[in-house]
Amino acid sequence: VGSAPQFATGTIDPIEELAELAEARGIGLHVDCCLGGFVVPFMAAAGSPPPHGFDFTVRGVTTISCDPHKYGFAPKGASVLMFRSKELRHHMYTFATEWTGGIYATPTMLGSRPGGVVAATWAAMMRYGEAGYVEST
């Protein structure tokens, strides 16, 4: 796991180096971008590029987490887990075949949740757009 950035110092781990190590060992690298998911991607456009690659452009990065409620102006509880490929995402699905209500399948561990947070996150992202996130960076 690499952080982009790390809480509380704001440093970005050397993701490229960590990805090389992970690939050499045949494992994936997860990038925890929960704090910086709406800052780090916009740093270059804001005039201060990040010191290291951090996203799927780095070979070996397999998953990235991002919390839109941290600097994305979304309500608390909005979180995203992104996968490099559909094959990796496939492992996220959960199936409960012994449930008394019948077969239950969900792409999340928590199952169904109210859609208000998702709708409000979408609205925040539409309101600010790329230009708004660059400006706030």
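Here is a short report on the structure shown in this document. The model shown is predicted, which means the values in this text are computed figures rather than measured ones.

**Let's talk about the nonpolar core**
No. 1: Core analysis: the biggest nonpolar cluster contains 14 residues, and Ala4, Ile15, Leu29, Val31, Cys33, Phe54 and Val61 have the highest contact counts within it.
No. 2: Ranked by residues supplied to this core, first place goes to helix H1 (residues 15-24) with three residues.
No. 3: Among residues more than four places away in sequence, those in contact with Phe54 are Ala4, Ile15, Val31, Cys33, Val40, Pro41 and Ile64.
No. 4: Grouped together as the second largest cluster of nonpolar side chains are five residues, Phe38, Phe42, Cys66 and Tyr133 included.

**Considerations on the sheet that holds strand S3 (residues 61-66)**
No. 1: In space, the four strands of this open sheet follow the order S1-S2-S3-S4, with mixed pairing throughout. Looking at which strands have only one partner, the edges of the open sheet turn out to be strand S1 (2-3) and strand S4 (80-83).
No. 2: Note that strand S2 (residues 29-32) and S3 share four bridges and pair parallel. Residue pairing across strands places Asp32 opposite Ser65, the latter belonging to S3.

**Quick notes on a nonpolar patch on the surface**
No. 1: On the surface, Trp122, Met125 and Met126 cluster together into a nonpolar patch covering about 350 Å² of accessible area.
No. 2: By the secondary structure assignment, Met125 is in helix H3 (residues 116-136).

**Digging into the pairing of S2**
No. 1: Residue alternation in S2 divides its side chains into a buried set, Leu29 and Val31, and an unburied set, His30 and Asp32.
No. 2: Relative to S2, S1 runs parallel, the two being bridged by two bridges. Directly across from Ser3, in S2, lies its bridge partner Asp32.

What counts and what doesn't
- Residues numbered from 1 in each chain as written.
- Predicted model: local features only at pLDDT ≥ 70, side-chain atom pairs only at ≥ 80, totals over all residues.
- Heavy atoms only, no water.
- Core = buried A, V, L, I, M, F, W, Y, C linked by side-chain atoms within 4.5 Å.
- Buried < 20%, exposed > 50% of the residue type's maximum accessible area, 1.4 Å probe, protein only.
- Helix = DSSP H or I, 4+ residues; strand = E, 2+ residues; numbered from the N terminus.
- Contact = heavy atoms within 4.5 Å.
- Pairing = 2+ DSSP bridges.
- Patch = residues over 30% accessible without salt bridge, like charges linked within 9 Å, V, L, I, M, F, W, Y side chains within 5 Å.
- Areas by Shrake-Rupley, 256 points an atom, 1.4 Å probe, with all protein chains shown as cover.
- Salt bridge = Lys/Arg side-chain N within 4 Å of Asp/Glu carboxyl O.

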